Amino acid sequence: MTDTHIVTIDRHIIDEERRKPEASGAFSNILTDMALAAKVISRQVNMAGLVDILGRAGHRNVQGEPVQKLDVFAQDVIYRAMDHTGHLCCMVSEEVEDFIPIPDKFPAGSYVLLFDPLDGSSNIDVNVSIGTIFSIQRKVSDQERGSLDDCLQPGRRQLAAGYVVYGSSTMLVYSTGAGVHGFTLDPSIGEFILSHEDIRIPRSPTRYYSVNEAYYSRWNRGTQRLLDHLKGTDGSADGGGFSARYIGSLVADFHRTLLRGGLFMYPSDPKQPEGKLRLLYEASPLAFLAEQAGGRASSGEENILDIQPEALHQRTPLFIGSGELVDLAEHYLAGPTDDG
Ligand code: AHM
Ligand code: MG
């Protein structure tokens, strides 16, 4: 590809908008603003070892977990990129307990942005990939600055979703419901360039599974049997043949699953009865991307995109990736969950 043929993310967003005659431009602007925020966060992530921003900020987020300085920075960057533009009525963030109405001093718009500003924070200090996840919903209430009803919509209604992975390169991957497209940040020109057009999750023979297997003894028998099958230790003829990959950073684990295929899972267990991952700004946007790429996502019992959310920071078990492997997970989870 020569320099004259590069497609920047801004151009791609405009091209997508042109295909929708009803588009107002506001929605495209939110995506463009998110790409700008991603560049600012990416720069700071890359500088993290140099500037004194590593380490804990000394307080805990709404889930009671330690907040690190980069999380606070990423939250601030996204909020400030979005608060004044007139496109959003409110936002939801992993870092903030209540939904965040757009302040009265700025005009309010017709969209809701839900995001996890910097996921995988335990990996920051060890230079392992981390990410940002986002989701856009349309306002459905008549409240000018949004309401819980606007925030608690099933993932199926998302207008767009995406993530940014701050890895060996920074990549932004998004979908507006017309396929999944990936852009790699070229730091020399400061632009996200289209590098992965129309990503499709590979089908079999993809042989990766991804899970924190240290929790095996806590899982119910259904989940344990699924793992035994993937490892080929259950004695069945068609089990085994997998490799394990687990980074412990959802965006990075999902990114690999999207490009290489396989099954990522974060099951429930007695210690975490709903799993660990959050529905609205972790599971749902990634489920939207998985379906757009030909895969899917499940809680083990139902499609993630069909779950009616009841709380902003609700958690859900997550099984996501190649469709046939998510089917397999559901099959085992529907089976006996004890030894009886
Ligand atoms: P965080 O929101 O505190 O960063 O936690 C979310 C992360 C995910 O990125 C990852 O999939 C998961 O926690 C890993 O959890 P565990 O260490 O239990 O395997
Ligand atoms: Mg998170």
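Residues numbered from 1 in each chain as written. Chains lettered and ligands numbered in written order. Predicted model: local features only at pLDDT ≥ 70, side-chain atom pairs only at ≥ 80, totals over all residues. Heavy atoms only, no water.

Novice: Can you tell me about the coordination of the magnesium ion (ligand 2), naming the residues and giving the values?
Specialist: All of the protein donors around the magnesium ion (ligand 2) are E94 (OE), D116 (OD), D119 (OD) and E282 (OE); their distances to the metal are 2.0 to 2.4 Å. Sequence positions of the donors to the magnesium ion (ligand 2) reduce to the motif E-x21-D-x2-D-x162-E. Of this pair, D119 sits in strand β5 (residues 111-119) while E282 sits in helix α7 (residues 279-292), and the two are 163 residues apart along the sequence. Using a relative accessible area of 1% as the deciding quantity, one classes E282 as buried. (Donors = N, O, S within 2.8 Å, 3.2 Å for Na, K, Ca; no water. Helix = DSSP H or I, 4+ residues; strand = E, 2+ residues; numbered from the N terminus. Buried < 20%, exposed > 50% of the residue type's maximum accessible area, 1.4 Å probe, protein only.)

Novice: Please provide a residue-by-residue account of unusual backbone geometry, values included.
Specialist: A positive phi angle is found at N127, which is not glycine, with a value near 60°. Relative to the helices and strands, N127 is located in the loop between β5 and β6 (130-138). For N127, a relative accessible area of 75% gives the class exposed. With a phi close to 50°, D198 is a non-glycine residue in the positive phi region. Mapped onto the fold, D198 is located in the loop between β10 (191-196) and β11 (208-210). Classification of D198 as partly exposed rests on a relative accessible area of 41%.

Novice: Hey, could you go over the packing of aromatic side chains for me, with residue numbers and the actual values?
Specialist: Counted by the stated rule, this structure contains seven aromatic pairs. Judged by centre distance (5.7 Å) and plane angle (35°), the rings of F27 and Y111 are tilted. Here F27, found in helix α2 (residues 26-47), pairs with Y111, found in strand β5; they are 84 residues apart in sequence, far enough to count as distant. We note that F27, like Y111, is buried. Lying over the aromatic face of Y215, R218 brings its terminal NZ or CZ to 4.2 Å of the ring centre. (Phe/Tyr/Trp six-rings, centres within 6.5 Å; stacked < 30°, edge-to-face > 60°. Lys NZ or Arg CZ within 6 Å of the ring centre and 35° of its normal.)

Novice: How would you summarise helix α8 (residues 323-334) if you had to cite specific residues and measurements?
Specialist: The α-helix winds at 3.6 residues per turn, so residues separated by three or four positions along the chain end up facing the same way. Taking 1.5 Å as the rise per residue, α8 with twelve residues should run 16 Å; its terminal C-alpha atoms sit 16 Å apart, in good agreement. If you check which residues of α8 are buried, you get G323, L325, V326, A329, Y332 and L333. The inward-facing, buried residues of α8 contact β11, α5 (221-231), β13 (263-266), β14 (296-298) and β15 (318-321). (Expected span 1.5 Å × (residues − 1). Contact = heavy atoms within 4.5 Å.)

Novice: So what's going on with the pairing of strand β3 (residues 88-93)? Residues and values would help.
Specialist: Of all six residues that make up β3, six are buried, and the element is covered over most of its length. Summarising the sheet, β3 and β5 pair through five bridges and their orientation is parallel. Counterpart to S93 in the pairing with β5 is F115. Strand direction decides the pairing type here: β3 and strand β4 (residues 100-101), joined by two bridges, are antiparallel. Residue C90 lies in a different strand from β4, and its bridge partner there is P101. (Pairing = 2+ DSSP bridges.)

Novice: Describe the pairing of β15, listing the residues and the values that go with them.
Specialist: The alternating pattern of β15 places L318 and I320 and F319 and G321 on opposite faces, both of which are buried. With four bridges joining them, β13 and β15 adopt antiparallel strand pairing. Its bridge partner lying in β15, Y266 is registered against L318. Judged from the three bridges that link them, β14 and β15 form a sheet pairing that is antiparallel. Directly across from R296, in β15, lies its bridge partner G321.

Novice: Could you give an account of the site of ligand 1, naming the residues involved and the relevant values?
Specialist: Lining the immediate surroundings of ligand 1 are 17 residues, of which D119, Y215, Y246, L250 and Y266 lie closest. In the environment of ligand 1, an oxygen atom lies 3.1 Å from a nitrogen or oxygen atom belonging to the side chain of E94. Here an oxygen atom of ligand 1 and a side-chain polar atom of R278 are 3.5 Å apart. Starting from 470 Å² of accessible surface for ligand 1 in isolation, the protein chains cover 87%. For the shell around ligand 1, the residue count by class is six nonpolar, five polar and six charged. There are two domains that each give the shell around ligand 1 at least three residues, and those are domain 1 (9-196) and domain 2 (208-333). (Near = heavy atom within 4 Å. Polar contact = N/O pair within 3.5 Å; in protein donor to acceptor, adjacent residues only side chain to side chain. Areas by Shrake-Rupley, 256 points an atom, 1.4 Å probe, with all protein chains shown as cover. Nonpolar A, V, L, I, M, F, W, Y, C, P; charged D, E, K, R; others polar. Domains from an automatic or database assignment.)

Novice: Please give an account of the domain arrangement of the protein chain that cites residues and values.
Specialist: Here the domain parsing of the protein chain yields domain 1 (9-196) and domain 2 (208-333). In this structure, domain 1 and domain 2 have C-alpha centres spaced 24 Å apart. Summing both sides of the interface, domain 1 and domain 2 together bury roughly 3,000 Å²; the carbon and sulfur share of this comes to 62%. Among the residues of domain 1 in contact with domain 2, L152, R156 and Y163 are the three that bury the most area, contributing 22% of the side total. (Buried area = accessible area lost by both parts, 1.4 Å probe.)

Novice: I'd love a proper account of the packing of α2 against helix α3 (residues 69-82), names of residues and values included.
Specialist: Relative to each other, α2 and α3 sit at 155°, their axes nearing to 9 Å. As the angle between them shows, α2 and α3 are arranged roughly antiparallel. In the crossing of α2 with α3, the sense of the turn from one axis to the other is right-handed. Here I30, D33, M34, A37, V40, I41, Q44 and V45 of α2 lie close against α3, whose contacting residues are L70, F73, A74, V77, I78, A81 and M82. Considering only residue class, the contact of α2 with α3 consists of 13 nonpolar, one polar and one charged. (Axes fitted to C-alpha atoms, helices over the stretch in contact; angles between N-to-C directions. Parallel < 35°, antiparallel > 145°, perpendicular 65-115°, else oblique. Left-handed = near helix turned anticlockwise from the far one by under 90°.)

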